[in-house]
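Chain by chain, the residues:
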Amino acid sequence: MSTTNFTRGGTKTKIFEELLCSPSLIMGGLQSASVSFAAVNIFLAVTAFLGNSLILVALHKESSLHPPSKLLYRCLATTDLLVGLVAQPLHVTHWMSVVHEHWSLCHYAREATYFTSVALCGVYLLTMAVISVDRLLALLLGLRYKEIVTLKRIYIIIVSFWVFRITALYTRILIPLSLLISLASYTKIFCTLRHHQAQIQQQPSQPSALNMARYRKAVHSALWVQSALVVCYTPYYIVDIVVTYSTTYSSHLVVVLEIVTILVYFNSTLNPFLYCWKISEMREGMKQTIRQALCCP
């Protein structure tokens, strides 16, 4: 693959987007690479769809999780499922249109991929922020938690997220805001847990010690999912900043952008494994679902 530089006048980000659907990619030696990009995305689309479908079935059968918490995880799994069902097939269409040099289709596929990916990313980030606030409220409210955090209220919040993300795409504001809410919530949680731990050490036989251990496990599970999101998404936004401020674009930059984009999509495949690893209720539900699918007793 050559290191052809692509330079044109105009708005930088817009020009770069145009170059992703132009003969310049073929001249830059990216036609064969486009096939590889499409193949990887097809594989991840299938694994994301299958993995999150199993998680949704497992959650439907699971009754021990608190209903609002279960609904929030359903929202996460649904978002990841739609990544594999909608966003990645559109992304594959983009790269296959590059291979066959169908530039009009490429532009439409690129725009559709951007819209769906940003919308799903927004819902996912907002849901993760709500999960962090939900865990904080469970700690601070105590017995009043189930009275205040109800299934109906969580439904309203989830529906508003989907409506908001369909009608508005304020990504540059939404991403730091969601992460800031999550960071503040988990910081408050661990500060409060440290205080509780000191109390438990003074009175190790108090009844709340077992509940606190279960709560810690739930917080750590949510934090693992949050951490995976940060690890998978951060490289993309670093490269996005590089693209925004670059004056010339090489074929290598296109390849790097696609690699970090694939890492973002990989997050949707990774999450079902994290759920099964860190959340015992989901793990048992997944085992039961797989046994039934295989017709095992």
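Since the model is a prediction, treat every value here as computed from it, not as a measurement.

## Focus: the overall build of the protein chain
Stage number 1. Scanning the protein chain for helices and strands turns up 11 helices and 2 strands.
Stage number 2. Going residue by residue from the N terminus, the α and β elements of the protein chain occur as β-α-α-α-α-α-α-α-α-α-β-α-α.
Stage number 3. Within the protein chain, the fraction of its 297 residues that count as buried is 46%.
Stage number 4. Surface summary for the protein chain: the accessible area is close to 15,300 Å², and the carbon and sulfur share equals 68%.

## Considerations on the UniProt feature "transmembrane region" (unreviewed entry) in the protein chain
Stage number 1. The feature "transmembrane region" (unreviewed entry), as annotated in UniProt, sits at residues 37-59, 112-133, 154-173, 218-239 and 251-277 in this numbering.
Stage number 2. Counted over residues 37-59, helix gives 100% and strand 0%. Its end C-alpha atoms are 32 Å apart.
Stage number 3. Between the C-alpha atoms that bound residues 251-277 the distance is 39 Å, and the span itself is 100% helix and 0% strand.

## Section: the pattern of salt bridges
Stage number 1. Going through the model one piece at a time under the given rule, you end up with 1 salt bridge.
Stage number 2. Across the salt bridge formed by Arg 135 and Asp 134, the nearest N and O atoms sit 2.9 Å from each other.
Stage number 3. Accessibility expressed as a relative area gives 4% for Asp 134, which makes it buried.

## A short note on the packing of helix H10 (residues 251-278) against helix H11 (residues 280-293)
Stage number 1. Relative to each other, H10 and H11 sit at 110 degrees, their axes nearing to 5 Å. Accordingly, the angle class assigned to the pair H10 and H11 is roughly perpendicular. Taken together, the residues of H11 that come into contact with H10 (itself represented by Tyr 275, Cys 276, Trp 277 and Lys 278) are Ser 280, Met 282, Arg 283 and Met 286.

## Re unusual backbone geometry
Stage number 1. A positive phi angle, near 60 degrees, is found at Glu 101, a position not held by glycine.
Stage number 2. Position of Glu 101 relative to the elements: it lies in the loop between helix H4 (67-99) and helix H5 (103-141).
Stage number 3. Here Glu 101 falls in the partly exposed class, since its relative accessible area comes to 41%.

## Some remarks on the side chain of Asn 267
Stage number 1. Mapped onto the secondary structure, Asn 267 falls in helix H10.
Stage number 2. If near-sequence neighbours (up to four positions away) are discounted, Asn 267 is found in contact with Tyr 124, Ala 228, Leu 229, Cys 232 and Tyr 233.

## Let's talk about the packing of aromatic side chains
Stage number 1. Evaluation of the coordinates by the stated rule reveals 5 aromatic pairs.
Stage number 2. Both rings, one in Tyr 73 and one in Tyr 275, keep their centres 5.7 Å apart while their planes meet at 80 degrees; by these two values the pair is edge-to-face. One end of the pair, Tyr 73, is in helix H4; the other, Tyr 275, is in helix H10, with 202 residues separating them in the sequence. Per residue, the accessibility class of Tyr 73 equals that of Tyr 275, and both read buried.
Stage number 3. Through pairs of rings, three or more aromatic residues link up here, namely Tyr 233, Tyr 236 and Tyr 237.
Stage number 4. Of note, Lys 278 hangs over the ring of Trp 277, and the distance from its end group to the ring centre comes to 4.6 Å.

## Some remarks on the confidence of the model for the protein chain
Stage number 1. When pLDDT is averaged along the protein chain, the result is 83; 85% of the residues meet or exceed 70.
Stage number 2. Averaged pLDDT values over the elements of the protein chain bottom out at 51 in strand S1 (residues 5-6) and peak at 93 in H4.

## Details of the environment of Val 239
Stage number 1. With respect to the helices and strands, Val 239 occurs in helix H9 (residues 208-245).
Stage number 2. Once you skip the residues sitting within four places of it in the chain, Val 239 turns out to touch Leu 253, Val 256, Leu 257 and Val 260.

## Overview of the environment of His 60
Stage number 1. Along the chain, His 60 turns up in helix H3 (residues 31-61).
Stage number 2. Classification of His 60 as exposed rests on a relative accessible area of 60%.
Stage number 3. A C-alpha to C-alpha distance of 8.7 Å links His 60 and Gly 285, two positions 225 residues apart in sequence.

## Remarks on the environment of Gly 51
Stage number 1. Locating Gly 51 in the fold gives a position in helix H3.
Stage number 2. Sequence separation between Gly 51 and Phe 273 is 222 residues; the distance between their C-alpha atoms is 8.0 Å.
Stage number 3. Excluding anything up to four places from it in sequence, Gly 51 contacts Pro 272 and Met 286.

## Quick look at the state of the cysteines
Stage number 1. Counted according to the given criterion, the structure contains 1 disulfide.
Stage number 2. Across the disulfide from Cys 21 sits Cys 106; the S-S distance is 2.1 Å. Handedness of the Cys 21-Cys 106 disulfide follows from its S-S torsion of about -75 degrees: it is left-handed. Of this pair, Cys 21 sits in the loop between helix H1 (12-19) and helix H2 (24-27) while Cys 106 sits in helix H5, placing them 85 residues apart in sequence.
Stage number 3. A relative accessible area of 3% means that Cys 21 is categorised as buried.

Cut-offs used in this document
- Residues numbered from 1 in each chain as written.
- Predicted model: local features only at pLDDT ≥ 70, side-chain atom pairs only at ≥ 80, totals over all residues.
- Heavy atoms only, no water.
- Helix = DSSP H or I, 4+ residues; strand = E, 2+ residues; numbered from the N terminus.
- Buried < 20%, exposed > 50% of the residue type's maximum accessible area, 1.4 Å probe, protein only.
- Areas by Shrake-Rupley, 256 points an atom, 1.4 Å probe, with all protein chains shown as cover.
- UniProt positions renumbered as here; feature names shortened; annotations may be inferred.
- Salt bridge = Lys/Arg side-chain N within 4 Å of Asp/Glu carboxyl O.
- Axes fitted to C-alpha atoms, helices over the stretch in contact; angles between N-to-C directions.
- Parallel < 35°, antiparallel > 145°, perpendicular 65-115°, else oblique.
- Contact = heavy atoms within 4.5 Å.
- Phe/Tyr/Trp six-rings, centres within 6.5 Å; stacked < 30°, edge-to-face > 60°.
- Lys NZ or Arg CZ within 6 Å of the ring centre and 35° of its normal.
- pLDDT = per-residue confidence, 0-100.
- Disulfide = S-S within 2.5 Å.

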